[in-house]
Amino acid sequence: MARFPGVDYLLIDSLFNEQELLVRQAARQFVDERVLALIRDCFREARFPRELIPELARLGFLGANLEGYGCAGMSNVEYGLIMQELERGDSGLRSFVSVQGALVMYPILTYGSEEQKQQWLPRLQSGEAIGCFGLTEPGFGSNPAGMLSTARRDGADWVIHGEKMWITNGSVADVAVVWARTDDGIRGFLVERGTRGFTTSEIHGKLSMRASVTSSLSLNDCRVPESAMLPGAKGLKAALGCLTQARYGIGWGVIGAAMDCYETARSYSVARKQFDGRPIASHQLVQEKLANMITGITTAQLLALQAGRLKDQGKADPAHVSMLKRNNVAMALDCARQSRDLLGANGIVDEYPIMRHMCNLETVKTYEGTDHIHALVIGERVTGVAAYK
């Protein structure tokens, strides 16, 4: 398997320190040696490569930017570089790691009791346990405040009733972070696999994220003890805080997908000959597309790096992450489409990764905040006026 050469038009590697480059190299080598050998078949078969979970854990990639309980305690820039390389392999693999760390381990670490942290974080970090995040509902995606799921007290227990939809890892998860409406507002609960009244169903027929498990969750008078509630997770703000962590990882991850599409198209255009035996890279319209792609990738790299530095300094806020996610996903999808165009008919076959990335990115553009919602977050930030309703 050929080694990925990287994409660095503006010498951005000079802005990373030695440790950051070492982390990226470890992730890059893992993708080159382990992921690329099997991901095409996984996508064809709609199968998540569970066999990679122990290796992801040994490399410290699960909850990489969290502290304690066995977590690697990496910086947010290092974590971002991991996400970039994993999504160069496939969005589904990055999504698994992102959900495990940002949407399951993060809320337990941030909002959980010490007992909950001790029970779950070491197991989630080691890959012994898998988690999922249950917020989106069949009728409420971009408007989570409209959720219909409820949790009511019954003696010393809570009884949860509701449906969750489009849940990554749902059918394979050992624990679900479930959000429900109570008399005291929206709260988070840890619901374990096997809990009576809690069932999952995998969603089939996907043409995107095929190497990822996507599920629905059903909670039918699901009874959990008081100790299952995340004591610090009060209100929708807590759930949205988790999504900010995950969106940050997406903003980095999609750069990897764009890099893979760009490098595939660049190398193909140099080798492919057309019209008088000349490589198509010699044609002006081809060079214009490559110039557009490399400019977009470079802009996204700088945006991600600045967001990461701000996050490590405690200065990043959700509106910064909205710009990162919105801009970089749009850029990556555009790169995939231009790359497919340059490969012509070859661009639609899975000998090349472009259509796989393109299909995946259509989902990434939508989940964890659509392009439109992030535009409104940015709009509110620059005007001071909310326009959500």
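For the structure, check the block above.
Just so it is clear, the model here is predicted, and its values are computed rather than measured.

Visitor: Looking at this structure, I do not really get the overall build of the protein. What am I missing?
Guide: Looking only at helices and strands, one finds eleven helices and eight strands in the protein. Computed over the C-alpha atoms, the radius of gyration of the protein is 21 Å, within 12% of the 21 Å expected from 2.2 N^0.38 for a compact globule of 389 residues. Classification of the 389 residues of the protein by burial places 55% in the buried group. Look at the contacts in the protein between residues 6 or more apart in sequence, and 75% of them connect residues 24 or more apart. Entry remark: accessible area of the protein is about 16700 Å², with carbon and sulfur atoms responsible for 52%. Taken as two groups, the 42 positive and 43 negative side-chain charges of the protein have centres that lie 3 Å from each other.

Visitor: Looking at this structure, how should I read the packing of helix α4 (residues 76-89) against helix α5 (residues 91-111)?
Guide: Packed helices, taken two at a time, are described by the angle between their axes plus the distance between the axes. Between α4 and α5, the least distance of the axes is 7 Å, while the angle of their chain directions is 150°. Judged by the inter-axis angle, α4 sits roughly antiparallel to α5. Residue-level contacts link Tyr-79, Met-83, Leu-86 and Glu-87 of α4 to Ser-91, Leu-93, Arg-94, Val-97, Ser-98 and Ala-102 of α5.

Visitor: Honestly, the state of the cysteines in this entry has me stumped. Any pointers?
Guide: Should the sulfur atoms of two cysteines be covalently bonded, the bond is a disulfide. For the structure on display, the rule yields zero disulfides. Left unpaired, Cys-71 is separated from the closest cysteine sulfur, that of Cys-242, by 15 Å. The thiol sulfur of Cys-132 is not disulfide-bonded, and the nearest other cysteine sulfur, from Cys-222, lies at 12 Å.

Visitor: Quick question: what am I supposed to make of empty space enclosed by the protein here?
Guide: If a probe the size of a water molecule is rolled over the atoms, the empty space left behind becomes visible. Summed over the entire model, instances satisfying the criterion amount to one cavity of 30 Å³ or more. The calculated volume of the largest cavity comes to roughly 40 Å³. Lining the largest cavity are Asn-65, Leu-66, Tyr-79, Gly-101, Ala-102, Tyr-106 and Gln-245. In terms of residues, the lining of the largest cavity owes the most to one element, α5, which gives three residues. Here the lining of the largest cavity is built from residues that sort into four nonpolar, three polar and no charged.

Visitor: I would appreciate a short explanation of the pattern of salt bridges in the present structure.
Guide: Opposite charge on two side chains allows them to pair when their charged atoms are near. By the definition in use, this model includes 23 salt bridges. Here Arg-309 and Glu-20 are joined by a salt bridge, their closest N and O atoms 2.7 Å apart. With Arg-309 in helix α8 (residues 284-312) and Glu-20 in helix α1 (residues 18-35), this residue pair connects regions lying 289 residues apart in the sequence. The exposure class of Glu-20 is buried, given its relative accessible area of 3%. One salt bridge in this structure joins Glu-128 and Arg-123, with 3.5 Å as the shortest N-O distance. In this structure, a network of salt bridges that share partners links the residues Arg-28, Asp-32, Glu-85 and Arg-88.

What counts as what
- Residues numbered from 1 in each chain as written.
- Predicted model: local features only at pLDDT ≥ 70, side-chain atom pairs only at ≥ 80, totals over all residues.
- Heavy atoms only, no water.
- Helix = DSSP H or I, 4+ residues; strand = E, 2+ residues; numbered from the N terminus.
- Rg over C-alpha atoms; globule rule 2.2 N^0.38 Å.
- Buried < 20%, exposed > 50% of the residue type's maximum accessible area, 1.4 Å probe, protein only.
- Contact = heavy atoms within 4.5 Å.
- Areas by Shrake-Rupley, 256 points an atom, 1.4 Å probe, with all protein chains shown as cover.
- Lys, Arg positive; Asp, Glu negative; His and termini not counted.
- Charge placed at Lys NZ, Arg CZ, Asp CG, Glu CD.
- Axes fitted to C-alpha atoms, helices over the stretch in contact; angles between N-to-C directions.
- Parallel < 35°, antiparallel > 145°, perpendicular 65-115°, else oblique.
- Disulfide = S-S within 2.5 Å.
- 1 Å grid on protein atoms, 1.4 Å probe; cavity = no way out; pocket = protein on both sides within 12 Å on 5 of 7 lines; lining within 4 Å.
- Points joined across faces, edges and corners; volume = space filled by probe spheres on them.
- Nonpolar A, V, L, I, M, F, W, Y, C, P; charged D, E, K, R; others polar.
- Salt bridge = Lys/Arg side-chain N within 4 Å of Asp/Glu carboxyl O.

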